[in-house]
Each structure stands twice: as C-alpha cells, then as structure tokens.
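# Remarks on the overall topology
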Amino acid sequence: MRKLFPLLFVVAIATIFNGCSVSYTSSGASIDKDAKTVNVRFFENRAPLNNPTLGQRLTQKLRDKIQSQTKLVQVSETEPRADYEFRAQITSYVFSNAAVTDVDKSSRSRLTVTVNVQFIKRINDKKGFTQSFTRSADFPASALASSVENGLLDNDIIPNITDDIFNRAFANW
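Attention here is on the structure that accompanies the text. Predicted model only: the values in this text are computed from it and were never measured.

The rules behind the values
- Residues numbered from 1 in each chain as written.
- Predicted model: local features only at pLDDT ≥ 70, side-chain atom pairs only at ≥ 80, totals over all residues.
- Heavy atoms only, no water.
- Helix = DSSP H or I, 4+ residues; strand = E, 2+ residues; numbered from the N terminus.
- Buried < 20%, exposed > 50% of the residue type's maximum accessible area, 1.4 Å probe, protein only.
- Areas by Shrake-Rupley, 256 points an atom, 1.4 Å probe, with all protein chains shown as cover.
- Salt bridge = Lys/Arg side-chain N within 4 Å of Asp/Glu carboxyl O.
- Contact = heavy atoms within 4.5 Å.
- Polar contact = N/O pair within 3.5 Å; in protein donor to acceptor, adjacent residues only side chain to side chain.
- Phe/Tyr/Trp six-rings, centres within 6.5 Å; stacked < 30°, edge-to-face > 60°.
- Lys NZ or Arg CZ within 6 Å of the ring centre and 35° of its normal.

## Describing the overall build of the protein chain
Summing up its helical and strand segments, the protein chain has three helices and eight strands in all. Going from the N terminus to the C terminus, the protein chain shows its helices and strands as α-β-β-β-β-α-β-β-β-β-α. Buried residues in the protein chain amount to 36% of all 173 residues. For the protein chain, the exposed surface amounts to about 10400 Å²; the carbon and sulfur share of it is 53%.

## As for the pattern of salt bridges
One pass over the full model with this rule turns up eleven salt bridges. In this structure, Asp 163 and Lys 65 form a salt bridge, with 2.9 Å as the shortest nitrogen-oxygen distance. Here Asp 163 is found in helix α3 (residues 145-170), whereas its partner Lys 65 is found in helix α2 (residues 54-69), with 98 residues between them in sequence. Residue Lys 65 is classed as buried on the basis of its relative accessible area, which comes to 15%. In this structure, the salt-bridge partner of Asp 125 is Lys 121, at a minimum N-O distance of 3.0 Å. The class for Asp 125 is partly exposed, based on a relative accessible area of 45%. Each of Arg 41, Glu 85, Arg 87 and Arg 122 takes part in a single network of salt bridges with overlapping partners.

## Topic: the environment of Ile 161
Counting through the fold element by element, Ile 161 comes out in helix α3. Taking the C-alpha atoms as reference points, Ile 161 and Leu 58, 103 residues apart in sequence, are found 8.3 Å from one another. Setting aside chain neighbours within four positions, we find Ile 161 in contact with Leu 58, Val 113, Val 115, Phe 133 and Arg 135.

## Considering the environment of Glu 44
Here Glu 44 is to be found in strand β4 (residues 44-45). Separated by 71 residues in sequence, Glu 44 and Val 115 have C-alpha atoms that sit 9.4 Å apart. Among residues more than four places away in sequence, those in contact with Glu 44 are Ala 88, Gln 89 and Ile 90. Looking at Glu 44, its side chain comes within polar contact range of the side chain of Arg 46, at 2.5 Å.

## A look at the packing of aromatic side chains
Counting across every chain of the model gives ten aromatic pairs. Each ring, one from Tyr 84 and one from Phe 170, has its centre 5.4 Å from the other, and the planes form 70 degrees; the classification is edge-to-face. One end of the pair, Tyr 84, is in strand β6 (residues 84-100); the other, Phe 170, is in helix α3, and 86 residues separate them in sequence. Across this residue pair, the class does not change: Tyr 84 and Phe 170 are buried. Ring centres 6.3 Å apart and planes at 70 degrees place the aromatic pair Phe 129 and Phe 133 in the edge-to-face group. Looking at Phe 129, the relative accessible area reads 8%, which means it is buried. By relative accessible area, which is 5% here, Phe 133 ends up buried. Through a chain of ring-to-ring contacts, the aromatic side chains of Tyr 84, Phe 86, Phe 119, Phe 129, Phe 133, Phe 166 and Phe 170 assemble into a single cluster. Its guanidinium or amino end placed over the ring of Phe 166, Lys 65 lies 5.1 Å from that ring's centre, counting from NZ or CZ. Sitting above the plane of the Phe 129 ring, Arg 168 keeps its charged end 4.3 Å from the centroid.

And the structure:
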C-alpha cells in the first residue's frame, strides 16, 4: 500500500488540475476554456445629448481589446448565440462645471459619459452582469467643448470605460 500511495497522489493531483475550467492569458484575463466566441453588439446611444460617433467608437474599441487580449473570435450580430455577449447603451453624455472660482466663474469643465452594459455568459457558470460604467475628463472652462471633446473621448474616456468593461467581464474586478 505504501508503494501505491505516491502513484495515487500523483493521479489525484493530475485529475484535479485537468478538471479546471478557466484559462489565464498574459493580459490577466480569465476566460472559460470552452469559450470560443464573443459578440460585442453595437453600443446604442440613448443619451439626450450625444456625440453621434461615440457608440461606434466604444463598440470598436471593446472589440479590438478583446481580439488583442483573448483568443475569442468576434461573431456577427446576426449570429444567434455567442459564448459571451455584450449589449450596451450610452445613457448619459454630460458637460458640466468641475471647479468654480471664488467669483462664481467656472475654471474647469467636465465631460462625463455613462454606459450601461449587460454581459451575457452562455457557458459554464453562466454568471453575467448588468452594470453602469462612468468616466469623466476635465478641461479648461475657457476651451470650447467642441474643440476638446474628441481628444477627451479618444485619450481618456473611451479607453478607460473599455478597460473597466473588459476587466469586469474577464478579470472579475
């Protein structure tokens, strides 16, 4: 029996590790080993005030991030059932005052974007989520919103919202 114990121990450990269902990538993402496909649906822009290109830009940025950091294959929106699916609506797009001077004059302004995301997981534990993600960027109040808007979106808001969504879905943050 003592001679069989090391062999049984090795077989038990191998069986345990062989049954694991999560793989880790160099990006830190944990993807179910059975997952092969993802569908990032177009982000609908439902904000009362909006940037007409924001939905497409957010959609493409998330698709690019998933493609570059996972082995998941993006399927078309007409595909009936992907292993993972993202549905999102831009619910708020607001310019506001961020800081006021002592003479009631704004010194900083802020652009805030909120996206409501539904993540559907159709394999293994099937634990998806519905969550809002909000990001803001400040700019000088003396600048025209239209002149800084695209820079704020491209350099700060879109990358950060995309990272937040990706991390929540695949890194359990």
